[in-house]
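Chain by chain, the residues run as shown.
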Amino acid sequence: MKAPLNMTSPSPAAKPVHAAQTLFPIVDNCLQVGGIPLTRLAQRVGSTPFYAYDRGLVTQRVRELRAALPAQLELHYSIKANPMPALVQHLAGLVDGLDVASGGELKVALDTGMAPERISFAGPGKSEAELAQAVAAGACVHAESEREIRLLAQLGERLGIAPRLVLRINPDFELKGSGMRMGGGAKQFGIDAEDAPRLLALAGTLGLEVLGFHIFSGSQSLKAAAIVEAQAQTFELALRLAEASPSPVRMLNIGGGFGIPYFPGEARLELAPIGDALSAALPRMQAALPQAAFSIELGRYLVGEAGIYVARVIDRKVSRGQVFLVTDGGLHHHLAASGNFGQVIRKNYPVAIGNRMEATQREAVSVVGPLCTPLDLLAERMDLPAAEVGDLVVVFQSGAYGLSASPGGFLSHPGASEVLV
Ligand SMILES: Cc1ncc(COP(=O)(O)O)c(C=O)c1O
């Protein structure tokens, strides 16, 4: 027998909607992705759970960004945010470069047809085989240690190809208030800024030309002022590094860090102050480093809001007065939404019932997955339209660090598919 619905009274006023939901239209109570009703898309995909990425939203995001930032600033996509080949292919036609962090991502990037010199390979612990692949491809290797510099020199000789070498720098500052701090202090990423002059000299003695610098100070920031400040510090550091460089700087990657709002109360990042500050700073930088191409690298900002994760309700249980919607999807496909991908205090991602978008009868529910662990939680005590078995739970803000950032093998459940719509 079906458990009784444990509903709160129908809410007369519409609930406040998370900014993410406004990106996807609603027609006849149903969410639309790429112009297709979600229920129809689920039939097309053939099984749940799945991720759906809206290519129109990705295109629109790149357009908005280009309009807000100075034209001379190159825009790169960091594949780690979402390496789905069709999505990377779509982005390859919109951005100026692709950033990869493994031999696997390098293959995805090269398969798009992006010019190899517009592909950069950063990340600690690159294997000799990966470095050899990158040199053979003609991609830019962002060296993160003395070992990598020495290996590149050996590989260059062995392969008879001059490696395209950029130094990834661990800056002496960090992007304040960022979700993930990846610069400042002791880090496994990059070469400490103060050690750069020594390694620049070493590269020279090994016969390598250093093309420039990559300075990444953090990720997932929603504060324009913090990003502006970090970029100003990045430019100052780059000028100091340039003084120690035996050859002219040809490339300066100033990192990224543009965040998207995940949780209630978070506001969208304002692009205008960042664009204004960059427009003011770049002419001075171009005068100081006349041969340099300047780039930023963004992952989640380009794709995060364009993606949803969709799981089907397979059971509805009431435990001691609390309603649980048990779905066929969970943390094994979407670790981040479960709160276990770097969150200190668990908060709910924006979640909806995709085929009941306008329902007024609502209830407080927890949405869980099929894994036998309390960590498998997609929404905790959330106010949602009253749902039934067969309904489609949607997790917004899922286009980045979703499937590829999840422990797919955990508990041996089926995987999720991905579609670009
Ligand atoms: C070097 C580097 N670049 C880019 C990114 C992408 O960050 P995001 O997806 O927040 O833009 C990361 C994230 O860890 C990174 O380490």
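Novice: When you look at the overall build of the protein chain in this model, what are you seeing that I'm missing?
Specialist: Along the backbone of the protein chain there are 11 helices and 22 strands. A compact globule built from 421 residues would reach a C-alpha radius of gyration of about 22 Å, and the protein chain, at 23 Å, matches this within 12%. If one aligns the C-alpha atoms of the protein chain with their principal axes, the spans along those axes are about 75 × 45 × 35 Å. Put simply, the protein chain has 421 residues, and 55% of those count as buried. Taking the contacts inside the protein chain whose residues are at least 6 apart along the sequence as the reference set, 73% of them involve residues at least 24 apart.

Novice: How should the environment of Q72 be read in this particular structure?
Specialist: Assignment of secondary structure puts Q72 in the loop between α2 (55-68) and β5 (73-78). With relative accessibility at 34%, the residue Q72 sits in the partly exposed group. Leave out the neighbours within four places in its chain, and Q72 touches L282, Q286 and F294. Of the polar contacts made by the side chain of Q72, one reaches the side chain of Q286; its length is 3.5 Å.

Novice: Explanation requested: the confidence of the model for the protein chain in the structure shown.
Specialist: The predicted model of the protein chain averages 94 in pLDDT, with 95% of residues at 70 or higher. Within the model, the stretch residues 1-14 combines pLDDT values under 50 with 22 contacts to residues more than four positions away or in other chains.

Novice: Looking at this model, I keep getting lost on helix α5 (residues 128-137). Mind explaining?
Specialist: Every α-helical turn comprises 3.6 residues, leaving residues that sit three or four positions apart pointing alike. Those residues of α5 lying buried are E130, L131, A132, A134 and V135. Once α5 finishes, G138 follows within two positions and takes phi at roughly 90 degrees, a positive value.

Novice: For this particular structure, what's the right way to read the side chain of H332?
Specialist: If you trace the backbone, H332 turns up in the loop between β17 (322-327) and α11 (335-338). Side chain to side chain, H332 and H333 meet in a polar contact 3.4 Å long. With sequence-adjacent residues up to four places away left out, H332 is seen in contact with P370, L371, S406, P407, G408, F410, H413 and P414.

Novice: How should I be thinking about the domain arrangement of the protein chain in this particular structure?
Specialist: Reports of interface size often rely on the accessible area that becomes lost once the parts have come together. Domain boundaries in the protein chain define domain 1 (26-53 + 305-420) and domain 2 (83-298). At the junction of the two partners, domain 1 supplies 12 residues and domain 2 supplies 11 residues. In total, about 1,100 Å² of surface goes out of reach between domain 1 and domain 2, with carbon and sulfur atoms giving 67% of it. Our enumeration of links across domain 1 and domain 2 arrives at one salt bridge. Note that E305 and R268 form a salt bridge whose closest N and O atoms lie 2.6 Å from each other. Run the count over domain 1 and domain 2 and you get two residue pairs in polar contact (both at pLDDT 80 or more).

Novice: Help me understand the sheet that holds strand β2 (residues 30-33) in this model?
Specialist: Sheet strands pair via backbone hydrogen bonds, and the direction of the pair is either parallel or antiparallel. The three strands lie next to each other as β1-β2-β3, forming an open sheet whose pairing is antiparallel. Only two strands of the sheet have a single partner each, and these edge strands are β1 (26-27) and β3 (36-37). As paired elements, β1 and β2 share two bridges and run antiparallel to each other. Its bridge partner lying in β2, V27 is registered against C30.

Novice: So what exactly am I meant to see when it comes to the pairing of strand β19 (residues 362-368) here?
Specialist: Consecutive residues of a regular strand have side chains that alternate between opposite faces of the sheet. Summarising burial for β19: six of the seven residues are buried, a large majority. Where β17 meets β19, four bridges bridge the pair, whose relative direction is parallel. The partner of V326 across the bridge, within β19, is V368. Pairing geometry for β19 and strand β20 (residues 377-385), over six bridges, is antiparallel. Across the sheet, the residue bridging to V368 is L377, located in β20.

Novice: So what exactly am I meant to see when it comes to the packing of helix α6 (residues 146-159) against helix α7 (residues 196-205) here?
Specialist: Packed helices, taken two at a time, are described by the angle between their axes plus the distance between the axes. α7 packs onto α6 with a crossing angle of 10 degrees between their chain directions and a minimal axis gap of 10 Å. When the axes of α6 and α7 are compared, the pair comes out roughly parallel. Residues E146, I149 and R150 of α6 form the contact with α7, whose participating residues are R198, L199, L202 and A203. Among the residues making up the contact of α6 with α7, the classes are represented as four nonpolar, no polar and three charged.

Novice: What is the right way to read the environment of K107 from this model?
Specialist: Mapped onto the fold, K107 is located in helix α4 (residues 103-111). Each C-alpha atom of the pair K107 and A134 lies 9.5 Å from the other, and the pair is 27 residues apart in sequence.

Novice: Before we go on, may I ask you to explain empty space enclosed by the protein in this structure?
Specialist: Here the structure, examined in full by the defined rule, presents two cavities of 30 Å³ or more. Empty space within the largest cavity amounts to approximately 60 Å³. Lining the largest cavity, in full, are L175, F216, S217, G218, I227, A230, Q231, T234, I254, G255, G256 and G257. Per element, the largest residue contribution to the lining of the largest cavity is four residues, and it comes from helix α8 (residues 224-244). In terms of residue class, the lining of the largest cavity is built from five nonpolar, seven polar and no charged. Each pocket or cavity is described by its volume, and for the second largest cavity that value is around 40 Å³. Along the walls of the second largest cavity sit Y53, A81, N82, P83, S398, G399, Y401, G402, L403, S404 and E418, which together make up its complete lining. Here the residues of the lining of the second largest cavity sort into five nonpolar, five polar and one charged.

Definitions and cut-offs
- Residues numbered from 1 in each chain as written.
- Predicted model: local features only at pLDDT ≥ 70, side-chain atom pairs only at ≥ 80, totals over all residues.
- Heavy atoms only, no water.
- Helix = DSSP H or I, 4+ residues; strand = E, 2+ residues; numbered from the N terminus.
- Rg over C-alpha atoms; globule rule 2.2 N^0.38 Å.
- Buried < 20%, exposed > 50% of the residue type's maximum accessible area, 1.4 Å probe, protein only.
- Contact = heavy atoms within 4.5 Å.
- Polar contact = N/O pair within 3.5 Å; in protein donor to acceptor, adjacent residues only side chain to side chain.
- pLDDT = per-residue confidence, 0-100.
- Domains from an automatic or database assignment.
- Buried area = accessible area lost by both parts, 1.4 Å probe.
- Salt bridge = Lys/Arg side-chain N within 4 Å of Asp/Glu carboxyl O.
- Pairing = 2+ DSSP bridges.
- Axes fitted to C-alpha atoms, helices over the stretch in contact; angles between N-to-C directions.
- Parallel < 35°, antiparallel > 145°, perpendicular 65-115°, else oblique.
- Nonpolar A, V, L, I, M, F, W, Y, C, P; charged D, E, K, R; others polar.
- 1 Å grid on protein atoms, 1.4 Å probe; cavity = no way out; pocket = protein on both sides within 12 Å on 5 of 7 lines; lining within 4 Å.
- Points joined across faces, edges and corners; volume = space filled by probe spheres on them.

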